[in-house]
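Chain residues, written in single-letter form:
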Amino acid sequence: MKRDIISVLDMEDDLADIIDLSIKFKRQRYQDYEGTYNRVLGMIFEKPSTRTRISLETAMVQLGGHAIYLNPNDMQLGRGETVADTARVLSGFVDVISYRAFKHENVLELAKNATIPVINALDDVEHPVQIVADFMTIYEKKHRYSNLKMAYVGDGNNMANSLMLGGALLGTDVTIGCPRGYEPRKDITEKARAISRDTGSKIEIVNNPGEAVQDADIVYTDVWISMGEEKLKEQKEKVFGSYQVNSALVEKASKDYIFMHCLPAHRGLEVTDDVIESLHSVVFQEAENRLHTAKGILYTLLS
Ligand code: CP
Ligand code: NVA
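As a starting point, this report considers the structure included with it. Along each chain, residue indices are assigned from 1 in the same order as the chain's sequence is written. Throughout, the order in which chains and ligands are written sets their labels, letters from A for the former and numbers from 1 for the latter. Where totals are concerned, whole chains, interfaces and linings use all residues; where local detail is concerned, this predicted model gives features only for residues with pLDDT of at least 70, and gives and counts side-chain atom pairs only at 80 or more. Only hydrogens and water are set aside; all other atoms, that is, all heavy atoms of the structure, feed into the side-chain values.

What about the overall build of the protein?
(1) Moving on: In DSSP terms, a helix is any run of H or I states spanning at least four residues, a strand is any run of E spanning at least two, and both are numbered starting from the N terminus. In terms of helices and strands, the protein carries twelve helices and nine strands.
(2) Moving on: Projected onto the principal axes, the alpha-carbon positions of the protein cover approximately 80 × 40 × 35 Å.
(3) Moving on: Classification of residues uses two cut-offs on accessible area relative to the type maximum, computed with a 1.4 Å probe and protein chains only: under 20% is buried, over 50% is exposed, and between them is partly exposed. For the protein, with 303 residues in total, the buried portion stands at 49%.
(4) Moving on: As displayed, the protein offers around 15,800 Å² of accessible surface, 52% of which is attributable to carbon and sulfur atoms.
(5) Moving on: Under this rule, positive means Lys or Arg and negative means Asp or Glu; His and the chain ends count for nothing. Note on charges: their place is set at NZ of Lys, CZ of Arg, CG of Asp or CD of Glu. Each charge sign in the protein was given a centre, from 35 positive and 45 negative side chains, and these centres are 3 Å apart. We get accessible surface area from the Shrake-Rupley algorithm with a probe of 1.4 Å; when it comes to residues, only the shown protein chains can shield them.

Here is the structure:
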């Protein structure tokens, strides 16, 4: 016969038994876990996402786990529960958290207070999971990381910061070509330069897009208006007009250059249709690699 629990009194005969059973489940909690198998990823997204959300979720499922999409507006986080308390509570439920946040400080706060691994799924300073897919794509196309020049043309945003760090770690030269006043973060540039001294790569920032793209093996761009910057649209579109990656600009690149973009792209703004649709473009291979690298990252953190 069906049984409901509407009131505490519906457990009048077995309240203590249910607690005993729960204690048993608590003791057995990690019994059936192996690597990512049976593990749960909690995914907090303060901003929209196609690639990051779907790649992480699919990766987790295909690795034998499960993922839960968490919209802050549907959580108490949206009603003022702190990031720190959310981190401590989620640590009791799930096994790993990904967080796409407006503020880098909030990602740091979540990681500081969580007892489980936290993945930055993009914030205003970095986009580390994108970098793994980007350099995987570079390796697939060029079979090496060093003796390569990447030219990133556009806004010195989260992607520019993370690409400099990735290039520095793997030994790829990175030249950022951006308008004056839109350079990547100084502290990150310095950190990347310090690392690059050991790996033998060069991290440069120039204000002339042509100089950046000259002889580049990889031409990379990203949106001019990042999520959360919508108010700056008019102002930034004016400043960035001459930083468009178009056929005239890519003529300066190496003959077998590849074109990359983390996507989503705004055709006609940061890149023209003919460049993103050209045979040099690897943007969809790069996007697909988000899935494979999500697996690499999750497995590394959970095993
Ligand atoms: N490149 C990237 O992170 O895309 P989404 O915003 O769709 O996740
Ligand atoms: N710089 C962009 C990247 C999107 C994947 C943004 O932050 O919106």
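Back to the write-up after that little detour.
What about the sheet that holds strand β1 (residues 40-45)?
(1) Moving on: For two strands to count as paired, DSSP must find a minimum of two bridges between them. An order of β2-β1-β3-β4 is seen for the four strands of this open sheet, with the pairing classed as parallel. Either end of the sheet is taken by a strand with one partner, and the two such strands are β2 (66-70) and β4 (118-120). Direction aside, the axes of adjacent strands within the sheet are offset by 20 degrees on average.
(2) Moving on: Two strands pair when backbone bridges link them, and strand β3 (residues 96-100) and β4 are joined in this way by three bridges, in the parallel orientation. Among the inter-strand pairings, Ser-98 is bridged to a residue of β4, identified as Ile-119.
(3) Moving on: Residues count as neighbours in contact if any of their non-hydrogen atoms are within 4.5 Å of one another. Here an angle of 0 to 180 degrees is reported between the N-to-C directions of two axes, which are lines fitted to C-alpha atoms, with helices fitted over the stretch in contact. Contacting β1, β3 and β4, helix α12 (residues 283-302) crosses the sheet at an angle of about 150 degrees to β4.

Topic: the pattern of salt bridges
Pairing is possible between side chains of opposite charge, provided their charged atoms come close.
(1) Moving on: For this document, the term salt bridge refers to a Lys or Arg side-chain nitrogen within 4 Å of an Asp or Glu carboxyl oxygen. All told, the structure shown has eleven salt bridges when counted by the stated rule.
(2) Moving on: Here Arg-3 and Asp-14 are joined by a salt bridge, their closest N and O atoms 2.8 Å apart. Within this pair, whereas Arg-3 is found in the segment before α1 (15-27), its partner Asp-14 is found in the segment before α1, the two being separated by eleven residues in sequence.
(3) Moving on: Since its relative accessible area comes to 48%, Arg-3 is described here as partly exposed.
(4) Moving on: For Asp-14, a relative accessible area of 18% translates into the label buried.
(5) Moving on: Where Asp-273 meets Arg-267, a salt bridge forms, and the shortest distance between an N and an O atom there is 2.8 Å.
(6) Moving on: A relative accessible area of 43% means that Asp-273 is categorised as partly exposed.
(7) Moving on: What makes Arg-267 partly exposed here is its relative accessible area of 40%.
(8) Moving on: In this structure, a network of salt bridges that share partners links the residues Asp-155, Glu-229 and Lys-236.

Some details on the packing of helix α6 (residues 158-170) against helix α7 (residues 186-199)
Any two packed helices are characterised by how steeply their axes cross, that is the angle between the axes, and by the distance between the axes.
(1) Moving on: Contact geometry for α6 and α7: axes closest at 8 Å, N-to-C directions at 15 degrees. Comparing their axes, α7 and α6 come out roughly parallel. α7 is crossed by α6, and the crossing has left-handed handedness. Here α6 contributes Asn-161, Met-164, Leu-165, Ala-168 and Leu-169 to the contact with α7, which in turn contributes Ile-188, Thr-189, Lys-191, Ala-192, Ile-195, Ser-196 and Thr-199. Any angle that is under 35 degrees is reported as roughly parallel, and any over 145 degrees as roughly antiparallel; angles of 65 to 115 degrees are reported as roughly perpendicular and all others as oblique. By definition, turning the near helix anticlockwise from the far helix through less than a right angle yields a left-handed crossing, and turning it clockwise yields a right-handed one.

Observations concerning the site of ligand 2
(1) Moving on: One heavy atom within 4 Å of a molecule or strand makes the whole residue count as near it. In the vicinity of ligand 2, the contacting residues are Leu-122, Asn-157, Asn-158, Asp-222, Val-223, Ser-226, Met-227 and Leu-263.
(2) Moving on: Two N or O atoms count as a polar contact when they lie within 3.5 Å, although within protein this holds only if one can serve as hydrogen donor and the other as acceptor, and sequence-adjacent residues are included solely when both atoms are side-chain atoms. For ligand 2, an oxygen atom lies 2.8 Å from a polar atom in the side chain of Asn-158.
(3) Moving on: In this structure, an oxygen atom belonging to ligand 2 sits 2.8 Å away from a main-chain N or O atom of Met-227.
(4) Moving on: Protein chains bury 95% of the 270 Å² of accessible surface belonging to ligand 2 in isolation.
(5) Moving on: Put plainly, a pocket is an open set of points on a 1 Å grid over the protein atoms alone with protein on both sides within 12 Å along at least five of seven lines, a cavity is a set where a 1.4 Å probe fits but cannot get out, and a lining residue has an atom within 4 Å of a point. A molecule is said to be in a cavity or pocket once over half of its atoms fall within 2 Å of that pocket's grid points. Applying the majority rule of atoms within 2 Å of the grid points places ligand 2 in the largest pocket.
(6) Moving on: Considered class by class, the residues forming the shell around ligand 2 number four nonpolar, three polar and one charged. Lys, Arg, Asp and Glu make up the charged group, whereas Ala, Val, Leu, Ile, Met, Phe, Trp, Tyr, Cys and Pro make up the nonpolar group; the residues left over, Gly among them, are polar.

Some points on the packing of helix α5 (residues 128-142) against α6
(1) Moving on: Packing of α5 against α6 brings their axes to within 9 Å, and their N-to-C directions diverge by 50 degrees. Taken as axis vectors, α5 and α6 run oblique relative to one another. Along this stretch, α5 crosses α6, giving a crossing that reads as right-handed. Every residue of α6 that contacts α5 at Pro-128, Gln-130, Ile-131, Asp-134 and Phe-135 is listed here: Met-159, Ser-162, Leu-163, Gly-166, Gly-167 and Leu-170.
(2) Moving on: Taken together, the residues of the contact of α5 with α6 sort by class into six nonpolar, four polar and one charged.

Topic: the layout of surface pockets
(1) Moving on: Here the largest pocket is characterised by a volume of approximately 480 Å³.
(2) Moving on: When contributions to the lining of the largest pocket are tallied by element, the ones reaching two or more residues are α2 (51-62) and α6.
(3) Moving on: Looking at the lining of the largest pocket, its residues break down into ten nonpolar, eleven polar and nine charged.
(4) Moving on: Each pocket or cavity is described by its volume, and for the second largest pocket that value is around 250 Å³. Grid points are joined across faces, edges and corners, and a volume is the space filled by probe spheres set on the points.

Here's the deal with α5
(1) Moving on: Taking 1.5 Å per residue, 15 residues should reach 21 Å; α5 reaches 21 Å between its end C-alpha atoms and fits that length.
(2) Moving on: Those residues of α5 not exposed but buried are Val-129, Gln-130, Ile-131, Ala-133, Asp-134, Phe-135, Thr-137, Ile-138 and Lys-142.
(3) Moving on: Looking one or two residues beyond α5, the residue adopting positive phi is His-143, at roughly 60 degrees. One less than the number of residues in a helix, times 1.5 Å, gives the span that helix is expected to have.

Coordinates in, geometry out; function isn't part of it.
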